[in-house]
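# Summary of the model geometry
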Amino acid sequence: VMSSPQHILESVLEYVNQSSSDSVFPRINLLACQLSTLPKFNSSAPVKQLTKLLTDLKLQPRIGFNQGSGDISVTVNLPLEQPVSSPLQAALWFLLGLYHNQQEVETLYKKQAGEKELLVNRCLSLFMDQTQIAFTSRKKDFRLGFMTLRLDTFQKKITQKDGTLYTDGMAVPYRYAPNYWFFSGFDNANSVYSDAFLSSQKDIYVEGIVKEFWELVVQKHYYPDPNLKRQVSAFLTNYFKEGLCDEEERFSPHQKALSLYLYGTAGCGKSSFVRMFTQVLGKIITTHLEPKKRTALVKVPLNCITPPELRKILTVRGISDWSVERIVEQTIARAGIALLHLEENPEEDFLQDELFALTEKMMKTITNRYPEYSSHLLYIITSNYHASPGLLKKAQEVEMAPPSPEVQREWCVRTLGACIRKTIKDKEIRRQERKVFHENRRREEEESLASSGDSSQKRKPKPRNPIKDFEIEVVLQMAPPVTRDMRILEKWKMSLDFFISGHLFKYLRRQQWGGEEKKRESVEDGEGKTGPKIMVLISEDIPKHLEFSFDISGTSEHVEIPPLTLKSHDKFFYFSPELCTEGESDEESYEEHIEEKDDILDETPREEKKDVKDIIPGLQHNHATRVWTVVEMMKKCYLKPGVLVLANRHAQKKNQRAT
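Procedures and definitions
Residue numbers restart at each chain and count upward from 1, following the sequence in its written direction. Per-residue local features are limited, in this predicted model, to residues with pLDDT of at least 70; the limit for side-chain atom pairs, both in listing and counting, is 80 or more; totals at the level of whole chains, interfaces and linings are taken over all residues. Where side-chain values are given, they derive from all heavy atoms of the structure, hydrogens and water being excluded. Buried, partly exposed and exposed residues are distinguished by accessible area as a fraction of the type maximum, computed with a 1.4 Å probe on protein chains only: under 20%, between the cut-offs, and over 50%, respectively. Helix numbers and strand numbers start at the N terminus; a helix is a DSSP run of H or I with at least 4 residues, a strand a run of E with at least 2. What makes two strands pair is DSSP finding at least two bridges between them. Note on contacts: a residue pair qualifies if any of its non-hydrogen atoms lie within 4.5 Å across the two residues. Axis definition: a line fit to C-alpha positions, over the contact stretch in the case of helices; interaxial angles, taken between N-to-C directions, run 0 to 180 degrees. Patch construction takes residues with relative accessible area above 30% that form no salt bridge. Like charges are linked within 9 Å, and nonpolar side chains (Val, Leu, Ile, Met, Phe, Trp, Tyr) are linked within 5 Å. Under the convention used here, a 1.4 Å probe and the Shrake-Rupley method define accessible areas, while residue burial counts only the protein chains that appear. Definition used for salt bridges: Asp or Glu carboxyl oxygen within 4 Å of a side-chain nitrogen of Lys or Arg.

## What to know about the pairing of strand 12 (residues 377-383)
Across the seven residues of strand 12, seven count as buried, placing the element largely inside the fold. Of the two faces of strand 12, the one carrying Leu377, Tyr379, Ile381 and Ser383 and the one carrying Leu378, Ile380 and Thr382 are both buried. Strand direction decides the pairing type here: strand 9 (residues 259-263) and strand 12, joined by five bridges, are parallel. Within strand 12, the residue paired with Leu262 across the bridge is Thr382. Across six bridges, the pairing between strand 11 (residues 337-345) and strand 12 is parallel. From the neighbouring strand, His341 faces strand 12, where its bridge partner is Ile380.

Here it is, written out as structure tokens:
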């Protein structure tokens, strides 16, 4: 007998709505019988009350009591039939996870109610508040066909600073994982509970989240080395599988922690991978396994450091110091996952061994202090050189190669389009914030003038059209040269983004893309987002000159954006040939100047534009253009901070030989 998901949901919601105004479950004071002997415990009123409650709701309970430890447990059979006789019975069965179609019920609840919290956890919280009983563990025995719940009293409702609730016995109440229904162990095809089926459920689930891990990495515009992806995938599969606690909202791995040694040429993406790995690992764990799990990255730079200097920053030396050990311990002590990144490992073997010996000693101190969280401490070493023979015995070495030309081209297209869209939207947000600020100031001025009787100096606000949502498509006919250092492509992306987003923003903000009717006429792309699409065509007509043409589709109005030309000395860092903004009237430039000042009363005249050769006397023209571009990026808050390194010709040649 299987009740429909809609019937179960309606019955459970009836209980939830009734519980908001009245207590449905009776209060059961188990605290009064914890110190009893076994005969007195079985004959006590709270135990009889609990037994009657579970029996009336079509369960066959067996109450257990450990006289030595005082632990109380309840064992119920795993039912195959799924009746719904009353809202109270449906709620109790649902919060115990006994229905075989709980996934369908949760999906309907999320769709109809729009709630982020699981319905089963909401019912569990109501049960705890009303009965003052909390479940601290929940285990199934498929061979014998029953489930055992460990109980604790929940009268004091102890709450820590981080918001975590505790039972009276200082245990964390049981909560269900985000996708708990994957681990029910019930085979619908054969209508039987099975350990083998549960194991296959775990394998399928882990395979899915590992696949999602790499999809998130690519969405963040990082393209992993195939060899690295293969070895990290093997670790993640075992790590997730070992850390799963079936249906419980807890991730507790027990296998050997990750220990990687990544080496490769400078700029091939080693440090970027460590940063991306930490972010995506934390995202996967909080989304699928334990929502409140903390993941932290602790970076220790090893370049130009001696063992005595490393020893000073590694170990604790005071009550509130900022040592590496203290920072890592703050995460491990709270059951979080800490990833220690040892960056820029030196070339000499003896120095590698000495530095790692100090780090390993610090890590052993933490794992000995918190042995239950030893698998929560991971470490990755990055270097431009091979690992020493001693390190090869303790870490898995992976060689990283720069991305292929095809991958570099795809990276340029995706990252440039995403950056242009984000920069324009950030500009629009700042513009709307300034607009609200100036309107408030203008209103205050008008009220002040009206109270004084002088209305001749009222200023009319200049109309501003908000930029609607849009998509960016980059067509790259002229890609940058293939490089082994991806950091150079970052310069390419940032310089193009700075000028293209500024150019587009200047013209898009003057366009009126209409209200709701025109919004409905806009195109819809593959991801389901609506709005005009801007195609940016990048080509090269003159050597070291990029031509940018723009085409807007998906809007009923004609929007014309003139082309843009940028120049470069190395095909990576681009700048405007004129080194100044043209096409604006003095009135528009002055209005923008007033808005950037964020003060309509500040009417200081704008500075005269200087020629690039006057920025720094004696600076070569190609260097001066770069200085001007970086300074402009700093002025418009695009670079935070901006760094200029000035060196003579001898130092420049020495730097080129070094790289």
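Read on, since the account is not over.
## Description of the environment of Val536
The residue Val536 is located in strand 15 (residues 533-542) in this model. The spacing of Val536 and Pro563 is 27 residues in sequence and 9.8 Å in space, taken between C-alpha atoms. If we skip the residues at most four places from it in the chain, Val536 touches Ile472, Glu473, Val474, Val475, Ile500, Phe548, Ser549 and Phe550.

## Focus: the sheet that holds strand 9
Strands belonging to one sheet form pairs held by backbone hydrogen bonds; the direction of such a pair is parallel or antiparallel. Pairing is parallel across the open sheet formed by five strands, whose spatial order is 10-11-12-9-13. Every interior strand has two partners, whereas the edge strands, strand 10 (295-301) and strand 13 (396-399), have only one. Mean inter-strand twist for the sheet, computed between neighbouring axes without regard to direction, equals 20°. Packing of helix 12 (residues 349-369) onto the sheet brings it into contact with strand 9, strand 11 and strand 12, and relative to strand 11 it is tilted by some 170°.

## Looking at a nonpolar patch on the surface
The grouping of Val631, Leu644 and Leu646 at the surface amounts to a nonpolar patch, some 260 Å² of accessible area in total. Tracing the backbone through its elements, the reader meets Leu644 in the loop between helix 18 (621-635) and helix 19 (649-658).

By themselves, these are just geometric observations and shouldn't be taken as functional.
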